[in-house]
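Listed here are the chains, written in short residue letters.
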Amino acid sequence: MKESIKNILVTGGAGFIGSHTVDLLIEKGYRVVVLDSLKPPTHNGRVPTWLNKKAKLIRGDVRRKKDWEKALAGVDAVVHLAAYMDYHLDFATYVETNIGSIALLFEHIAEKKLPIQKIVIASSQAVYGEGKYRCKTHGIMYVPPREEAQFKKHQWEQHCPTCGREVLPVAEREDDVLLPLAPYGLSKLSSEQFAMAMGRAFSIPAVALRFSIVLGARQSFRHFYSGALRSFAVNVRNREPIEMNEDGGQLRDFVYVKDAARAIVKTLRDPRADFEAFNVGSGRATRIFDLAKMVAKQSRVAFKPLLQQRYRVGGTRHSVMNVSKLKGFGWKPRHTLTEAVDDYLAWLSNFKGFNKNLRKTEAHMKKSGILKKY
Ligand SMILES: NC(=O)c1ccc[n+]([C@@H]2O[C@H](COP(=O)([O-])OP(=O)(O)OC[C@H]3O[C@@H](n4cnc5c(N)ncnc54)[C@H](O)[C@@H]3O)[C@@H](O)[C@H]2O)c1
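Along every chain, residues carry numbers that run from 1 in the direction the sequence is written. Owing to the predicted nature of the model, reporting of local features is limited to residues with pLDDT of at least 70; listing and counting of side-chain atom pairs is limited to 80 or more, with chain, interface and lining totals taken over all residues. Values reported for side chains reflect all heavy atoms of the structure, with hydrogen atoms and water molecules removed beforehand.

Going by what an unreviewed UniProt entry lists, the chain is known as NAD-dependent epimerase/dehydratase domain-containing protein and is assigned to Candidatus Sungbacteria bacterium RIFCSPLOWO2_01_FULL_54_21.

Shown next, in the form of structure tokens:
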């Protein structure tokens, strides 16, 4: 552990993963500076009530060098979480925010010869794209995304391009082939590569954390697409059937936000993590249908599924993670999916505009051709 690290900058520290990370760092005795724009979609311009009062907040934008300059003064290490997310058509914003911010960070460090000792950045499971599959006859393969023609026939599973048999998902490992499919994943992969290369060039250890789907309280309801749990929780609140995409058989990895924050702090403090990328997930594959069932059960309502052959363009069929690399460094998830769901449901009850937000984002996704039905 680097004892000389005392002052840590957390970009995006007012957000979901960021604010839990800030709490944990402060609990461990670090001094924390937060650089956050506090802008939509995550915020509405106001400082969120959950931002730790002991953190020093700098309102600013990671796309502006001047704001980095202010935020980096006196800092020993950086946790870079601020990012442009979801799926939007302004592709250049992903490059400008997610890659441009890393470039500006290193540019400023290099120009001013700042004594930054470590940089941890948030990457994503999206870098794996469609992921790895196994065919009983043809072995391991990386399959292309599913096509519209397949969706029209309601054939949701992936198939072997050689023999046409259904293939099974294999949990992603850090040394897999990385084939991101969308601007978000592409920008996350480039930001990892940028941080590793510049980190080596300037002898600043970098770490990239590829989060799976992180769940828990403080997750913004305003994001364009923040996943199945939000949508299921809103259905339950409205006493509606729970509507799922495809046949609900998609497999996903869900991890509780406090475990994600522990992974950040662990890799920040552990020099064995330097210049490494890690998967951060539960390491467990959960069927979307089972998540929906759990949301109903934890809300104490009867489970009424609704499957209307709806699907999300560009959505991967399965996305499962192997987290043994990070476990080998002494981290493991401490919280169950039920705890994460309960925490989220309790959080939802504090929020007034969730219904309107869900309808707005669904309508937007349909209009932009991302959410389709056959
Ligand atoms: N939540 C997940 O399931 C998940 C999964 C994979 C990766 N990630 C990554 O983890 C990181 C944190 O995500 P989160 O879920 O906490 O999101 P979030 O939206 O709750 O938090 C992001 C924070 O960054 C701030 N921000 C955004 N753009 C900014 C800018 N240009 N300048 C300054 N601040 C800006 C926002 O105001 C917000 O407070 C992101 O890099 C995201 O890509 C999250």
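Enquirer: Sorry, what's going on with helix H5 (residues 183-201) here?
Expert: Residues lying three or four places apart along an α-helix face the same way, a consequence of the helix completing one turn every 3.6 residues. With 19 residues, H5 ought to run about 27 Å at 1.5 Å a step, and its terminal C-alpha atoms sit 26 Å apart, in line with that. On its buried face, H5 is in contact with helix H3 (91-112), strand E5 (118-124), strand E9 (206-211) and strand E14 (276-280). Note on conventions: DSSP H or I runs of at least 4 residues are helices, E runs of at least 2 residues are strands, and numbering of each starts at the N terminus. The span one expects for a helix is its residue count, reduced by one, times 1.5 Å. Only heavy atoms enter the contact rule, under which two residues are in contact if any of them lie within 4.5 Å.

Enquirer: Help me understand the sheet that holds strand E15 (residues 286-287), please; the structure alone is not making it clear to me.
Expert: Each strand in a sheet pairs with its neighbour through backbone hydrogen bonds, running either in the same direction (parallel) or in the opposite one (antiparallel). Here we have three strands laid out as an open sheet, ordered E15-E12-E18, and mixed in their pairing. Of all strands in the sheet, those with a lone pairing partner are E15 and strand E18 (318-319), marking the two edges. Pairing between two strands is assigned when DSSP locates at least 2 bridges connecting them. Taken together, the two bridges between strand E12 (residues 251-252) and E18 define a ladder with parallel strand orientation. Bridge assignment links arginine 252 to a residue of E18, and that residue is serine 319.

Enquirer: Honestly, a positive patch on the surface in this entry has me stumped. Any pointers?
Expert: The patches reported here contain residues having more than 30% relative accessible area and no salt bridge. Joining distances are 9 Å for like charges and 5 Å for nonpolar side chains (Val, Leu, Ile, Met, Phe, Trp, Tyr). For every accessible area listed, the method is Shrake-Rupley and the probe measures 1.4 Å; residues are considered covered only by the protein chains on display. Salt bridges are counted wherever a side-chain nitrogen of Lys or Arg sits within 4 Å of a carboxyl oxygen of Asp or Glu. Positive: Lys, Arg. Negative: Asp, Glu. His and the chain ends are not part of the count. All charge positions are set by atom: Lys at NZ, Arg at CZ, Asp at CG, Glu at CD. Taken together, Lys28, Arg284, Lys327, Lys332 and Arg334 make up a surface patch of like positive charges. Along the polypeptide, lysine 332 turns up in the loop between helix H9 (324-327) and helix H10 (337-348).

Enquirer: Can you help me understand the site of the ligand in this one?
Expert: As a structural note, the neighbourhood of the ligand is formed by 28 residues, with Asp36, Thr42, His43, Leu81 and Tyr184 the closest of them. Between an oxygen atom of the ligand and a main-chain N or O atom of phenylalanine 16, the distance comes to 2.8 Å. Distance and chemistry together define a polar contact, namely a pair of N or O atoms within 3.5 Å, with one atom able to donate a hydrogen and the other to accept it when in protein, and with adjacent residues in sequence counting only for side-chain atoms on both sides. At 2.9 Å from a nitrogen atom of the ligand is found a side-chain nitrogen or oxygen belonging to aspartate 61. At three residues, E5 tops the list of elements feeding residues into the shell around the ligand. Throughout, the ten residues Ala, Val, Leu, Ile, Met, Phe, Trp, Tyr, Cys and Pro are labelled nonpolar, Asp, Glu, Lys and Arg are labelled charged, and all others, Gly among them, are labelled polar. The residue makeup of the shell around the ligand, split by class, is 14 nonpolar, 10 polar and four charged. Residues are counted as near a molecule or strand when any one of their heavy atoms sits within 4 Å of it.

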